[in-house]
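Architecture and fold: a report
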Amino acid sequence: MVNTLEEIGFGGLKLVQSETGFRYGVDAVILADFACSLFPEFDKSVDLGTGTGIVPFILSHKNSTAQITGIDIQQDSVRIARRSCALNGLEERIAFFQEDVCRIDACCEGGSADMVTCNPPYVAKGKGLVNDSSAKYVARHETTGSLNDFVKAAAWLLKDRGHFFMVHRPSRLVDIFCSCRKHRLEPKHMRMVAPKQGEIPNIVLVHCVKNGGKELRLMKDLYIYEEDGSYSRQIEKIYERDKTDCGEKGEGAGTSVK
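Now for a description of the structure that goes with this document.

Examined against the element boundaries, T50 turns out to sit in the loop between β3 (44–48) and α2 (54–62). The residues touching T50, leaving out its near neighbours within four places in the chain, are P56, G70, I71, D72 and F96.

Here it is, written out as structure tokens:
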């Protein structure tokens, strides 16, 4: 397997990624920004479905004192995330574990986190087309852990009044809200994300509070691209980059590493 070492910005962070496996996208970046914009002063955060660790790394840049844990079921993803952690000198602040969200108690303590972020597989079990790459398939399709399993794990991890942030597809909103309320995670904020201004949203950001009051606030829509295909000014700000520094998909130029 050939990996690349990429400079992704955010204070000079570097990320190891597989050339052929699942690679992070804009959804993970906007999730990290969404969480920090609403709850910047978190102390202990857990990222479920962390992949190669992009969300924990961005969170570590935005909050320089927090302790962050990343959980993923894929061994290769966790191995790569740990390598990136060492390259960035963040071993004392970030830890990665290979575990199924259905067995989250094997690596984490219940009621210990004040924030949980989650970028789970979007496609429900038995739905959608099977991808040729097993790593990509597991990242995009519910295999062992369902949407409800991720929400249940988040609720178990959080302290009372802890904050839960998720990025998902608008088509799963009914499932998301039903599952969150079932596990006492009350939806507080929702932001729709569209490819371009005026187009139908294809991503949704949801913020919940454990045992929170019943009031959902809708935020102004976010759109990713301008009409010419370049990133919108909103996304440029989220990436903390000038337009000339942004890759087409938010990934920096990389060099091959073994």
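The next point concerns the nonpolar core. Residues I30, F42, I54, F57, L59 and I235 are the most contacted members of the largest nonpolar core, which totals 42 residues. A total of nine residues in this core trace back to one element, the largest contributor, which is helix α1 (residues 26–38). Among the nonpolar cores identified, the runner-up in size contains 28 residues, and I71, A153, L158 and L173 belong to it.

With 13 residues, α1 ought to run about 18 Å at 1.5 Å a step, and its terminal C-alpha atoms sit 18 Å apart, in line with that. The element α1 is largely enclosed, with a buried count of eleven among its 13 residues. Every buried residue belonging to α1 is among V26, D27, A28, V29, I30, L31, A32, D33, F34, A35 and C36, and all of these are buried.

To continue, consider the pairing of strand β7 (residues 158–168). Most of β7 is tucked away: eight of the eleven residues are buried. Pairing of strand β6 (residues 113–118) with β7 involves five bridges; the strand directions are parallel. When the bridges of β7 are listed, V116 appears paired with F164. Pairing of β7 with strand β9 (residues 203–210) involves six bridges; the strand directions are antiparallel. Within β9, the residue paired with H168 across the bridge is V204.

Glancing now at helix α3 (residues 75–87). Taking 1.5 Å per residue, 13 residues should reach 18 Å; α3 reaches 19 Å between its end C-alpha atoms and fits that length. For α3, the set of buried residues is S77, V78, I80, A81, S84 and C85. Around the axis of α3, the buried residues are gathered within 160° of arc, so they sit on the same side. In the segment just after α3, G89 is the residue with positive phi, at about 65°.

Time to look at the environment of V2. Assignment of secondary structure puts V2 in the segment before β1 (3–9). As a C-alpha pair, V2 and Q17 span 15 residues in sequence and 8.7 Å in three-dimensional space.

As a further point, take the environment of D160. Summarising the element assignment, D160 is placed in strand β7. As a C-alpha pair, D160 and N211 span 51 residues in sequence and 6.5 Å in three-dimensional space. For D160, the contacting residues outside a window of four places in its chain are K210 and N211. Looking at D160, its side chain comes within polar contact range of the side chain of N211, at 2.7 Å.

This part is about the packing of α1 against α2. Look at α1 against α2: their axes get within 9 Å of each other, and the N-to-C directions meet at 40°. Classified by chirality, the crossing of α2 by α1 is right-handed. Contact with α1, carried on its side by A28, V29, L31, A32, D33 and C36, involves I54, V55, I58, L59 and K62 of α2 and no other residues of that element. The residue inventory of the contact of α1 with α2, partitioned by class, reads nine nonpolar, no polar and two charged.

In this section: the pairing of β9. For β9, the tally of buried residues reaches eight of eight residues, placing the bulk of the element in the interior. Here β9 shows no split at all, with I203, L205, H207 and V209 on one side and V204, V206, C208 and K210 on the other all buried. Of the pairings in the sheet, the one linking strand β8 (residues 185–196) to β9 comprises eight bridges and is antiparallel in character. The residue of β9 that forms the bridge with M190 is V206. Between β8 and β9, which pair antiparallel and follow one another directly, the connecting turn spans six residues, one of which, G198, has a positive phi of 90°.

Rules of the game
Residues numbered from 1 in each chain as written. Predicted model: local features only at pLDDT ≥ 70, side-chain atom pairs only at ≥ 80, totals over all residues. Heavy atoms only, no water. Helix = DSSP H or I, 4+ residues; strand = E, 2+ residues; numbered from the N terminus. Contact = heavy atoms within 4.5 Å. Core = buried A, V, L, I, M, F, W, Y, C linked by side-chain atoms within 4.5 Å. Buried < 20%, exposed > 50% of the residue type's maximum accessible area, 1.4 Å probe, protein only. Expected span 1.5 Å × (residues − 1). Pairing = 2+ DSSP bridges. Arc of directions from axis to C-beta. Polar contact = N/O pair within 3.5 Å; in protein donor to acceptor, adjacent residues only side chain to side chain. Axes fitted to C-alpha atoms, helices over the stretch in contact; angles between N-to-C directions. Left-handed = near helix turned anticlockwise from the far one by under 90°. Nonpolar A, V, L, I, M, F, W, Y, C, P; charged D, E, K, R; others polar.

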